[in-house]
Amino acid sequence: MTLHVEPSHSRGATPAATPSQELTTLFEGQRAAQRREGPPSYEARLDALERLERSIVRHREDIARAVSADFGSRSRHETLAAEVFVSLSELRHVKKNLRTWMAPEPRPVSYLFFPGRNEVRRQPLGLVGIISPWNYPMQLALAPLVGALAAGNRVMIKPSEYVPRTSDLLRTMLAGVFTTDQVAVVTGGPEVGDAFARLPFDHLVYTGSTRVGKLVMRAASENLTPLTLELGGKSPALVADDAPLDRAAERIMTGKLYNAGQTCVAPDYALVPEGKEAAFVEAARRAVAKLYPTLAANPDYSALINDRHAERVRGYVEDARRRGAEVVEVNPAGEALEPASRKLPPTLLRNVRDEMAVMQEEIFGPVLPVRGYRRLEDAIAFVNDRPRPLALYCFSDDRATVRRVLDETVSGGATVNETMLHVAQADLPFGGVGPSGMGHYHGRDGFLAFSKTKGVFYQGPVDTGALLRPPYGKTVERLLAFLIGR
């Protein structure tokens, strides 16, 4: 189902339903179906996941074409890897483990209540809302959908209005395998998004900017709706003194330039030992030339999503230039990049300072500030003095160094000697911390996020509870004295 409300302005026309009214009708239909049909069985959940899997596989090339059309140019291989493969990897991992996750889990019982027994049961929350972003429009709608379906929920998805072709394809894919009282896609602009966030979901997932995340959280608070927020931030790449520069630079630039930097876990800046900044920049230049020998017509090098975002990233570079940064543009073939193409050259910035916009805001583009540090503790302090990032990347072959960086910094996730690959691990939780988000999903953590974990005590044949019922007397006095101690 698609919902896109266009208000009527003609005189005498019947007033069109507002986004809130349309969404409420759809929401109430899902709620009624949930109450009527009850929690789905293991077999029903597995069937839903298998139908979704077949749809993703069948439409994989359609997904690549739609995303590229929305971006103006987006690497087919990156879309197949990051949107299709990662979603399928998550789904297949969930299918493999779902029966085990659904089984009641025995827990130890205190000797005082023996022979009673304890267990933990997990049941569907009910209705889950997903507000997905434009940068990975399929993966970041499908991954939470997989977790929500595995947990037995019904789902409504509001994709970004910035990717209309992909949103329409998502609607078509899901409408082909689910009824609207199981899974529904609603489209529209900010007005629809605001009304969506105000629905009394049992859980709401939002992926996007911190600014909009605050608005979503405020709207959801009216219903005390639990949230999973994936917000991004400035994820550092910390290069230790022992790390080979060529290897670190190539892997950092690979992560930086994937999807032209429009990735919430892309390395946002690099911390390099003092005296090695120039060598790192040169190594990064060589890496870019190897990865992208051309830019303009290269199908592997993606464009920025729209003119506004392209101008924002260009503005960061010009602000840094005006404030004294050294700007190193890497254009291996020396091509003219037309502004209309929204393909920005990979750019490295040296001599950056904190007051520059590029060091204040998440870049979300192919620009990498490089900053020197004297001692490892200085680099760790630099990270800790700033809002906690969604990801952190540590480059070192020394186990003690890696352990220290991981122990002394707090981030949503981390990858060692590589970038971004922790997100592709189906059995690792994915989520932010503090300003970079709250909550986790993927794999078992996603199943748990979208389930109510219920503790249950079963009274045994011996009524131990009688000891704690009034009227209280000397027996209870002695029992409490024994339990509390002196």
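This text follows the structure it describes.
Parameters at a glance
Residues numbered from 1 in each chain as written. Predicted model: local features only at pLDDT ≥ 70, side-chain atom pairs only at ≥ 80, totals over all residues. Heavy atoms only, no water. Pairing = 2+ DSSP bridges. Helix = DSSP H or I, 4+ residues; strand = E, 2+ residues; numbered from the N terminus. Contact = heavy atoms within 4.5 Å. Axes fitted to C-alpha atoms, helices over the stretch in contact; angles between N-to-C directions. Patch = residues over 30% accessible without salt bridge, like charges linked within 9 Å, V, L, I, M, F, W, Y side chains within 5 Å. Areas by Shrake-Rupley, 256 points an atom, 1.4 Å probe, with all protein chains shown as cover. Salt bridge = Lys/Arg side-chain N within 4 Å of Asp/Glu carboxyl O. Phe/Tyr/Trp six-rings, centres within 6.5 Å; stacked < 30°, edge-to-face > 60°. Buried < 20%, exposed > 50% of the residue type's maximum accessible area, 1.4 Å probe, protein only. Lys NZ or Arg CZ within 6 Å of the ring centre and 35° of its normal.

Enquirer: Looking at this model, I keep getting lost on the sheet that holds strand β3 (residues 127-131). Mind explaining?
Expert: Within a beta sheet, neighbouring strands are joined by backbone hydrogen bonds and run either parallel or antiparallel to one another. Sheet architecture is open: 6 strands sit in the order β5-β4-β3-β6-β7-β15, paired in mixed fashion. One side of each edge strand has no neighbouring strand; the edge strands of this open sheet are β5 (183-185) and β15 (437-438). Where helix α1 (residues 19-37) meets the sheet, its contacts fall on β3, β4 (154-158) and β5, and the angle it forms with β4 comes to roughly 160°.

Enquirer: In this structure, what is going on with a nonpolar patch on the surface? I would like to understand it.
Expert: A cluster of nonpolar side chains, Tyr111, Leu112, Phe113, Phe457, Leu467, Leu468, Leu480, Phe482, Leu483 and Ile484, forms an exposed patch at the surface whose accessible area comes to about 990 Å². When residues in the nonpolar patch are grouped by element, the largest group, 4 residues, is from helix α15 (residues 474-484). Here Phe457 lies in strand β16 (residues 451-458).

Enquirer: Where do I start with the packing of aromatic side chains in this structure?
Expert: For any pair of aromatic rings, the description rests on two quantities: the centre-to-centre distance and the angle between the ring planes. For the structure on display, the rule yields 9 aromatic pairs. Considering the side-chain rings of Phe71 and Trp134, the 6.1 Å spacing of their centres and the 55° angle between planes classify their relative orientation as tilted. Taken together, the positions of Phe71 in helix α3 (residues 60-71) and Trp134 in the loop between β3 and α5 (139-150) put the pair 63 residues apart, joining distant regions of the chain. Phe71 gets classed as buried once you look at its relative accessible area, which sits at 0%. By the ring-pair criterion, three or more aromatic residues cluster together here, those being Phe27, Phe196 and Phe201. It is Arg117 that lies over the ring of Tyr458; its NZ or CZ is 3.9 Å from the centre. If you follow Arg386 out to its NZ or CZ, it ends over the ring of Phe382, 3.5 Å from the centre.

Enquirer: Would you explain helix α7 (residues 190-197) in this entry?
Expert: Along an α-helix, residues three or four apart share an orientation, since each turn contains 3.6 residues. Listed in full, the buried residues belonging to α7 are Val192, Gly193, Ala195, Phe196 and Ala197. In the core, the buried residues of α7 are packed alongside α1, β3, β4, β6 (203-207) and α8 (210-221).

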